[in-house]
Amino acid sequence: MTDVGRHPRITLHTLSEVVGIKGYVGNFDVRIVKKARYVDEKECTACGECAKVCPVVRPDEFNVGLSSRKAIYSPFPQAVPSAYVINIKECLGHNPSVCSKCIEACDKGCINFDMSDEEFVERVGSIIVATGLEAYDPTELDEYGYTRFENVVTSLEFERLVNAGGPSKGELIRLTDRKHPKSIGFIQCVGSRSARKGSEYCSNICCMNTVKSTLLIKEHYPETDIKVFYIDIRAFGKGFEELYKRSRRLGVHYLRGLPGKIEELPDKSLRVAVENASTGKLEFHDLDMLVLAVGIKPAKSTQRLQEMLGLQLTSDGFFLEAHPKLQPVDAATRGIFYAGCAESPKDIKDSVTQASAASARAIRLMHKGEISSEPITSEVIADQCKSCGKCVDVCPYNAISVDTKKKTPAVINTAACAGCGNCAAECPFGAITMNHFTDDQIINQIDAMLSEKPSEKVLAFACNWCSYAGADYAGVSRLQYPASVRLIRTMCSARVDESFIWHGFMKGAPVVLVSGCHIGDCHYINANHWTEKRVNKVRKKMEKLGLRPERLQLEWISAAEGIRFAEVMRRMEKLRREVSKEEIEKTISILQNRRK
């Protein structure tokens, strides 16, 4: 971080928060709020005299509450910039009658309580999302006694205890009596691989973090008795298996089985009850200290940033990449990339690898100084445009401009247009066409799919990024679903024009399915909101015509939901079987008369 702070071509905004992002690749406007530090970072030398006189004492977040800090403090050693900061919510105030001791202690006069938050906008060409992670809070797992028993700590707290810069200066101690523990237990998969509490996914780092900790303990305290309670050890990285074997050779006991109950003994030691899966017997182990190897969760900022950028999340809550194999660091939105645990749980090596890949992708995109736009964009047919402004209202990217007073045709900024096709579907005059997904092309696909035995087929429109990708994922996962489904790919479900649905029913489709991203996860910000409105409008028209509205289905399927895709398709097949040939013929007759 120090090197980053000194680099002449890197601007580091610390104590800052992104509150809004607008624009498109090459032209993102990022709105940032820089919180008031109340200390002049250019003048402060981090001498610490102000902290010495501050009367406010609070838990230190960097040491996970195992030590304390003052209301004016340095967040952590080697923090950039090397300047103190005041937590104004904890400070007693700058009124001399109340406190102001830090002002008196600062010889350089760096402290200024008149500072206020600043808001500014940065214009950037690409964005790398590296929101980090959060450790799982094991308080809800009451059987492990975390917070009830002082000698039960998390792996993160243990890391601070054995760190030379930690609260105990690297000395491994029990929190109750400050003595060296003679026996230590580690419980794996706390908050991971659990459908009941925590998360179902593996957090990737926990096993090797525990192996590292056991080696560290054995190196400094070789007589310590160490027991590791586990489901299975996942040592899949380069050299990891050897580290695991080395840990066992040094005398660390690995017991297959997770404790079911922990109780505290009078001397504050802990009795652990566990069923040893290897022997099939219930065992009790008395330990001086217990470490919970907690899992990884997505950062709190993930949801908010996902909404700002219109990104997608996996079922686990991490950001979803454009393609797991071919584009592992790219977001579905062009110009946005992922690094580190924003995309999935990973260790330092993998985080560094992905960060290097993300920066290389950003450089590759921008080094020419100009960006080539995708050909899948909308285009206005000027002769047919009535300048109503409907397209401007529905465009998620503000890529369309029109002067409704002068009645000049709409103009589309092709660099800003992302190609969702919502404008083409909503235009009441058919004055907008979408390159490579024109009305004629989609109508012809419908005709071809329903040319033979239409009553035996389900016509499905699938958005490229989610439901169509979900179909791909279902195929890769070898999931079975009915062969009666005929998919038509569109870039977004919002491209599905009302006329496409009527044409499908006219051609004898028993069921029409429109599928896309979940609400809030749309690749095109909020385009699928218009899909929902359009489908509801068609259903009301069907009801008035005497047609069953259930024959038009709307489903939200993400790219990671291969199982859900298969389930939806089985449901569509069941619905198709309920539609008789007589009902199909009646539908065609009603729609033909409606045309006349």
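Residues numbered from 1 in each chain as written. Predicted model: local features only at pLDDT ≥ 70, side-chain atom pairs only at ≥ 80, totals over all residues. Heavy atoms only, no water.

(A) Seen up close, the domain arrangement of the chain. One can read the domain layout of the chain as domain 1 (2–125), domain 2 (134–297), domain 3 (305–366), domain 4 (378–434) and domain 5 (439–595). Computed over C-alpha atoms, the centres of domain 1 and domain 2 are 35 Å apart. If you look at the interface, domain 1 gives five residues, while domain 2 gives seven residues. On the domain 1 side of the contact with domain 2, Asn63, Val64 and Leu66 bury the most area, a combined 83% of that side's loss. Applying the counting criterion to the domain 1 and domain 2 interface returns zero salt bridges. For the pair domain 1 and domain 2, the number of links is one residue pair in polar contact (both at pLDDT 80 or more). Of the residues assigned to the side of domain 1 that touches domain 2, the class counts are three nonpolar, two polar and no charged. (Domains from an automatic or database assignment. Contact = heavy atoms within 4.5 Å. Buried area = accessible area lost by both parts, 1.4 Å probe. Salt bridge = Lys/Arg side-chain N within 4 Å of Asp/Glu carboxyl O. Polar contact = N/O pair within 3.5 Å; in protein donor to acceptor, adjacent residues only side chain to side chain. Nonpolar A, V, L, I, M, F, W, Y, C, P; charged D, E, K, R; others polar.)

(B) Quick peek at the packing of aromatic side chains. Following the criterion strictly, the structure yields ten aromatic pairs and no others. Geometrically, the ring pair formed by Phe158 and Phe186 is edge-to-face, given 5.7 Å between the ring centres and 80° between the ring planes. Within this pair, whereas Phe158 is found in helix H4 (residues 155–162), its partner Phe186 is found in strand S11 (residues 183–190), the two being separated by 28 residues in sequence. Both residues of the pair, Phe158 and Phe186, count as buried. On the numbers, 5.1 Å between centres and 85° between planes, the contact of Tyr481 with Phe565 is edge-to-face. One end of the pair, Tyr481, is in the loop between helix H12 (467–476) and strand S25 (485–490); the other, Phe565, is in helix H15 (residues 562–577), and 84 residues separate them in sequence. With a relative accessible area of 32%, Tyr481 lands in the partly exposed category. Each member of the aromatic cluster is reached from another via a ring pair, and the members are Tyr230, Tyr244 and Tyr254. (Phe/Tyr/Trp six-rings, centres within 6.5 Å; stacked < 30°, edge-to-face > 60°. Helix = DSSP H or I, 4+ residues; strand = E, 2+ residues; numbered from the N terminus. Buried < 20%, exposed > 50% of the residue type's maximum accessible area, 1.4 Å probe, protein only.)

(C) Geometry of the pattern of salt bridges. Overall, the coordinates contain 36 salt bridges when judged by the stated rule. The salt bridge involving Glu61 is made with Arg69; its shortest N-O contact spans 2.9 Å. Measuring nitrogen to oxygen at the nearest pair gives 2.6 Å for the salt bridge that ties Lys541 to Glu498. Of this pair, Lys541 sits in helix H14 (residues 527–545) while Glu498 sits in helix H13 (residues 498–506), and the two are 43 residues apart along the sequence. When its relative accessible area of 30% is taken as the criterion, Lys541 is described as partly exposed. Here the residues in one salt-bridge network are Arg548, Glu550, Arg551 and Glu583, joined through shared partners.

(D) Here's a closer look at H4. Burial runs high along H4: six of the eight residues are buried. When we look at burial in H4, the residues that qualify are Ser155, Glu157, Phe158, Arg160, Leu161 and Val162.

(E) Up close: the side chain of Glu555. Structurally, the position occupied by Glu555 is in strand S27 (residues 552–556). For Glu555, the side chain forms a polar contact with the side chain of Arg571, separated by 2.8 Å. Among residues more than four places away in sequence, those in contact with Glu555 are Leu513, Val514, Ser515, Gly516, Arg564, Val568 and Arg571.

(F) Looking closely at a nonpolar patch on the surface. A cluster of nonpolar side chains, namely Met1, Val4, Ile10 and Leu12, defines an oily patch on the protein surface of about 330 Å² accessible area. Its location among the elements puts Met1 in the segment before helix H1 (2–6). (Patch = residues over 30% accessible without salt bridge, like charges linked within 9 Å, V, L, I, M, F, W, Y side chains within 5 Å. Areas by Shrake-Rupley, 256 points an atom, 1.4 Å probe, with all protein chains shown as cover.)

(G) The arrangement of H14 in detail. The end-to-end C-alpha distance of H14, which contains 19 residues, comes to 28 Å, matching closely the 27 Å that a straight helix rising 1.5 Å per residue would cover. Every buried residue belonging to H14 is among Ala527, Asn528, Trp530, Thr531, Arg534, Val535, Val538 and Met542, and all of these are buried. Down the axis of H14, the buried set is contained in an arc of 140°. They therefore lie on one face. Summarising the geometry of H14, the exposed residues directed more than 90 degrees from the buried face are Lys533, Lys540, Glu543 and Lys544. Elements that come into contact with the buried residues of H14 comprise helix H9 (390–394), helix H10 (422–426), H13, strand S26 (511–516) and S27. Gly546 lies just past H14 and shows a positive phi near 85°. (Expected span 1.5 Å × (residues − 1). Arc of directions from axis to C-beta.)

(H) Focus on the sheet that holds strand S14 (residues 261–264). In spatial order, the strands read S14-S15-S16; together these three strands make up an open sheet with antiparallel pairing. For this open sheet the edge positions go to S14 and strand S16 (281–287), each flanked by a neighbour on one side alone. Within this sheet the neighbouring strands show an average axis-to-axis angle of 20°, counted without direction. (Pairing = 2+ DSSP bridges. Axes fitted to C-alpha atoms, helices over the stretch in contact; angles between N-to-C directions.)

(I) Expanded view of the sheet that holds strand S1 (residues 16–24). In spatial order, the strands read S1-S2-S7; together these three strands make up an open sheet with antiparallel pairing. Each of the sheet's edge strands pairs with one partner strand only, and the pair in question is S1 and strand S7 (118–124). Taken pair by pair, the neighbouring strands of this sheet meet at an average axis angle of 20°, ignoring direction. Judged from the eight bridges that link them, S1 and strand S2 (residues 27–34) form a sheet pairing that is antiparallel. Among the inter-strand pairings, Glu17 is bridged to a residue of S2, identified as Val33.

(J) Fine view of the pairing of S11. Along S11, eight of the eight residues are buried, which leaves the element largely enclosed by surrounding structure. Relative to strand S12 (residues 225–230), S11 runs parallel, the two sharing five bridges. Within the sheet, the bridge partner assigned to Phe186 lies in S12 and is Val228. Note on the crossover from S11 through helix H5 (residues 206–220) to S12: the handedness is right-handed. As paired strands, S11 and strand S17 (residues 289–294) are joined by five bridges and run parallel to one another. Counted as the bridge partner of Val190 is Val294 from S17. (Right-handed = clockwise from strand over helix to strand, strands pointing away.)

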